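# Inside the fold
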Amino acid sequence: MNAHTLAPDETPSEATVAPEPRIRQKAPMTAGSKALLVHLLTASGAVWAILAMLAAGESRWDTMFLWLVVALLVDGIDGPLARHYQVKKHAPEFDGVLLDLIVDYLTYVYVPAYALFKSGLLPGWTGWVAIIVITFTSAMYFADTRMKTRDCSFAGFPACWNMVVLVLFSLHPVWWVSLVAVMVLAITMFVPIKFIHPTRTKRWRAVNLPVSIAWLAFAGWAAFVNFHPESWSFWGLALTSIWLFIAGGLQQLIYGRDG
């Protein structure tokens, strides 16, 4: 007799009822796992850096800058995520600050300096001067414990050579303009002039953050069209770059260095 068939002396309540199948629930991610994923996201910047370097070695500047824009986008979101998921508390075995500095030096300094040298924008001895100045001064700046102000802005030009070189590729100025720009910005890294952080500087964030996002969009588009001189990204990059360069100085003039 089938196990589920009622015997003459059985009532329906006594019948064997097949158990309902269990639904396996996925265990939620731990705080440590989430924090570790943030570290892995930051470390991915090293991958974008080597891909950009390989493209630069073949003079594929559009591809190189697209990878650098990806790295810049990652750098823009990993900081807020690190603070949100408290990586120092939940994944202290990895130093997020050190990891970020390593990746930033590759993507902000090393690859752009190589591209500036190889591209011919600074021919002959000027290219050698530029890469030596950029890499040396940036190494010192990244190790400077005074690089941040109280409002989480930067004290001095924050060695964003990836942004500078991309603008130079787009505008393609005469060589001496590029060389003067490199020398002035290198000096500015060690001068107490304030530069905003797009996400961490609270004052004027409602303006600075959209401008930063617009800069990323213009940069990506400029690289996508291989820096075509008639592209509208030319003006977008110029205007957004000017604002990002002067916004911190304006705040310093109006509210003081830490205002």
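Residues numbered from 1 in each chain as written. Predicted model: local features only at pLDDT ≥ 70, side-chain atom pairs only at ≥ 80, totals over all residues. Heavy atoms only, no water.

## Some thoughts on the overall build of the chain
Helix and strand counts for the chain stand at nine helices and two strands. Starting at the N terminus, the α and β elements of the chain follow one another as α-α-α-α-α-β-α-α-β-α-α. Scored against the burial criterion, the 259 residues of the chain give a buried share of 41%. Contacts in the chain between residues far apart in sequence, at least 24 positions, make up 76% of those at least 6 positions apart. Carbon and sulfur atoms make up 68% of the accessible area of the chain, which totals about 15000 Å². (Helix = DSSP H or I, 4+ residues; strand = E, 2+ residues; numbered from the N terminus. Buried < 20%, exposed > 50% of the residue type's maximum accessible area, 1.4 Å probe, protein only. Contact = heavy atoms within 4.5 Å. Areas by Shrake-Rupley, 256 points an atom, 1.4 Å probe, with all protein chains shown as cover.)

## Description of the nonpolar core
Counting 55 residues, the largest nonpolar core has Met64, Phe65, Leu116, Trp161 and Trp215 as its most contacted members. Within the residue set of this core, elements represented by two or more residues are α1 (31-57), α2 (61-84), α4 (96-119), α5 (125-142), α6 (161-171), α7 (175-188), α8 (205-224) and α9 (233-255). With residues up to four places along the chain from it excluded, the contact list for Met64 reads Ala52, Ala55, Ala56, Val111 and Ala115. Listed in part, the five residues of the second largest apolar core include Ala35, Val38, Ala82 and Ala91. (Core = buried A, V, L, I, M, F, W, Y, C linked by side-chain atoms within 4.5 Å.)

## Details of the packing of aromatic side chains
Throughout the structure, instances matching the rule amount to 18 aromatic pairs. Aromatic side chains Phe157 and Phe195 sit 5.9 Å apart centroid to centroid with 70 degrees between the ring planes, which places their arrangement in the edge-to-face category. Of the two residues, Phe157 sits in the loop between β1 (154-155) and α6 while Phe195 sits in strand β2 (residues 194-195), which places them 38 residues apart along the sequence. On the basis of relative accessible area, Phe195 is assigned to the buried category, the value being 4%. Taken together, the ring pairs connect Trp61, Phe65, Phe169 and Phe227 into an aromatic cluster. For Arg203, the ring lying beneath its charged end belongs to Tyr255, and the centroid distance is 3.7 Å. (Phe/Tyr/Trp six-rings, centres within 6.5 Å; stacked < 30°, edge-to-face > 60°. Lys NZ or Arg CZ within 6 Å of the ring centre and 35° of its normal.)

## Quick look at the pattern of salt bridges
According to the stated counting rule, one finds three salt bridges in the structure shown. Among the ionic pairs, Arg146 bridges to Asp144, the shortest N-O distance being 2.9 Å. The class for Arg146 is exposed, based on a relative accessible area of 60%. (Salt bridge = Lys/Arg side-chain N within 4 Å of Asp/Glu carboxyl O.)

## Concerning a positive patch on the surface
Side chains of Arg83, Lys148, Lys202 and Arg205 sit close together on the surface and give a patch of like positive charge. Its place among the elements puts Lys202 in the loop between β2 and α8. Note on Lys202: relative accessible area 67%, which makes it exposed. (Patch = residues over 30% accessible without salt bridge, like charges linked within 9 Å, V, L, I, M, F, W, Y side chains within 5 Å. Lys, Arg positive; Asp, Glu negative; His and termini not counted. Charge placed at Lys NZ, Arg CZ, Asp CG, Glu CD.)

## Observations regarding the side chain of Thr107
With respect to the secondary-structure elements, Thr107 resides in helix α4. With sequence-adjacent residues up to four places away left out, Thr107 is seen in contact with Gly45, Ala49, Leu68, Ala71, Pro112 and Asn162.

## Quick look at α6
With respect to burial, α6 is a largely interior element, ten of its eleven residues being buried. The set of residues buried in α6 consists of Trp161, Asn162, Met163, Val164, Val165, Leu166, Val167, Leu168, Phe169 and Ser170. Close packing links the buried residues of α6 with α2, α4, α5, α7, α8 and α9. Of the residues one or two after α6, His172 is the one with positive phi, at around 50 degrees.

## A short note on the environment of Trp235
As for its position among the elements, Trp235 is in helix α9. Residues Trp235 and Phe218, 17 residues apart in the sequence, show an inter-C-alpha distance of 8.8 Å.

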